[in-house]
Amino acid sequence: MNWQDKLIVEVDKGLRTLFAKAKSVRPVPGADQPEADLSPAERQHAAALMRINHVGEICAQALYQGQAITSHNPTLRAALEQAAHEETEHLAWTEQRIEELDGRKSLFNPLWYAGALGLGLIAGKCGDKWNLGFLAETERQVEGHLNRHLEQLPATDLRSQGIVEQMKTDEIRHAQTATNLGGAPLPTPVKRLMQGAAKVMTKTAYYV
Ligand SMILES: [Fe+2]
Ligand SMILES: [Fe+2]
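Quick caveat: nothing in here was measured; it's all calculated off a predicted structure.

### Notes on the coordination of the iron ion (ligand 2)
Step number 1: At this site the iron ion (ligand 2) is bound by Glu87 (OE), Glu139 (OE), Glu139 (OE), Glu171 (OE) and His174 (ND1), with donor distances of 1.9 to 2.3 Å.
Step number 2: Coordination of the iron ion (ligand 2) draws on donor residues from a single chain, spaced E-x51-E-x31-E-x2-H in sequence.
Step number 3: The distance between the iron ion (ligand 2) and the iron ion (ligand 1) is 3.9 Å, with glutamate 87 acting as a donor to both metals. A residue pair is termed long-range when its members are at least 10 positions apart, and glutamate 87 in helix H3 (residues 74-100) and histidine 174 in helix H6 (residues 158-180) qualify at 87 residues. Side by side, glutamate 87 and histidine 174 carry an identical accessibility label, which is buried.

### Side note on the coordination of the iron ion (ligand 1)
Step number 1: Here the iron ion (ligand 1) is held by Glu57 (OE), Glu57 (OE), Glu87 (OE), His90 (ND1) and Glu171 (OE), and the distances to it run 1.9 to 2.4 Å.
Step number 2: Written as a sequence motif, the donor arrangement for the iron ion (ligand 1) is E-x29-E-x2-H-x80-E.

### Quick word on the layout of surface pockets
Step number 1: Its volume calculated, the largest pocket comes out at about 840 Å³.
Step number 2: Forming the walls of the largest pocket are 38 residues, and the residues nearest its centre are Leu63, Leu119, Phe134, Thr138 and Met194.
Step number 3: Among the secondary structure elements, those contributing two or more residues to the lining of the largest pocket are helix H2 (40-70), helix H4 (109-125), helix H5 (128-152), H6 and helix H7 (188-207).
Step number 4: With 10 residues, the single largest contributor to the lining of the largest pocket is H5.
Step number 5: Residues belonging to the lining of the largest pocket are distributed by class as follows: 26 nonpolar, 8 polar and 4 charged.

Parameters and conventions
- Residues numbered from 1 in each chain as written.
- Chains lettered and ligands numbered in written order.
- Predicted model: local features only at pLDDT ≥ 70, side-chain atom pairs only at ≥ 80, totals over all residues.
- Heavy atoms only, no water.
- Donors = N, O, S within 2.8 Å, 3.2 Å for Na, K, Ca; no water.
- Helix = DSSP H or I, 4+ residues; strand = E, 2+ residues; numbered from the N terminus.
- Buried < 20%, exposed > 50% of the residue type's maximum accessible area, 1.4 Å probe, protein only.
- 1 Å grid on protein atoms, 1.4 Å probe; cavity = no way out; pocket = protein on both sides within 12 Å on 5 of 7 lines; lining within 4 Å.
- Points joined across faces, edges and corners; volume = space filled by probe spheres on them.
- Nonpolar A, V, L, I, M, F, W, Y, C, P; charged D, E, K, R; others polar.

These figures capture arrangement, not role.
Written out as structure tokens, the structure is:
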């Protein structure tokens, strides 16, 4: 493929992430649970939390895409693509749950996407050990967010909880894969910076 073809493929990926319905091969976790009888406030809260998770998955798509573009290691690219595939399923699950809760996706998704793509491109340029280290740290921070969401979701909302539980299991595995492939622990200031950026994103996405 020449660079023009590659560019078209990547732009197509981005547009699909943002505007097409994501598909899942695995059945949606928690889908066998009955719909909870939630109050309007609980419903809104659950939908807002699932919107945050959806934004996280939009960012995951962009990060993985960026890292795969700038990384030149074929083994690593294959591992990134496998994980990215699971992130697409997460995208599908959270999207479906937002709809069930009568919520809506974040209006800033194109912005989140662009920001995360930039970070992914930079990480990929930094070389395998840092690229993978960044990935592992991202996944670990996401795991932390998902744990907090499991505490914050209405106790009766088993359908949302089922999705978040399975996502957590997958993210833990993604972090482990990245570490096994040689990801280096990131310097503390970088971790703090990432936490700060995530905070801005989650606080905003709760409302918009
Ligand atoms: Fe994910
Ligand atoms: Fe992940």
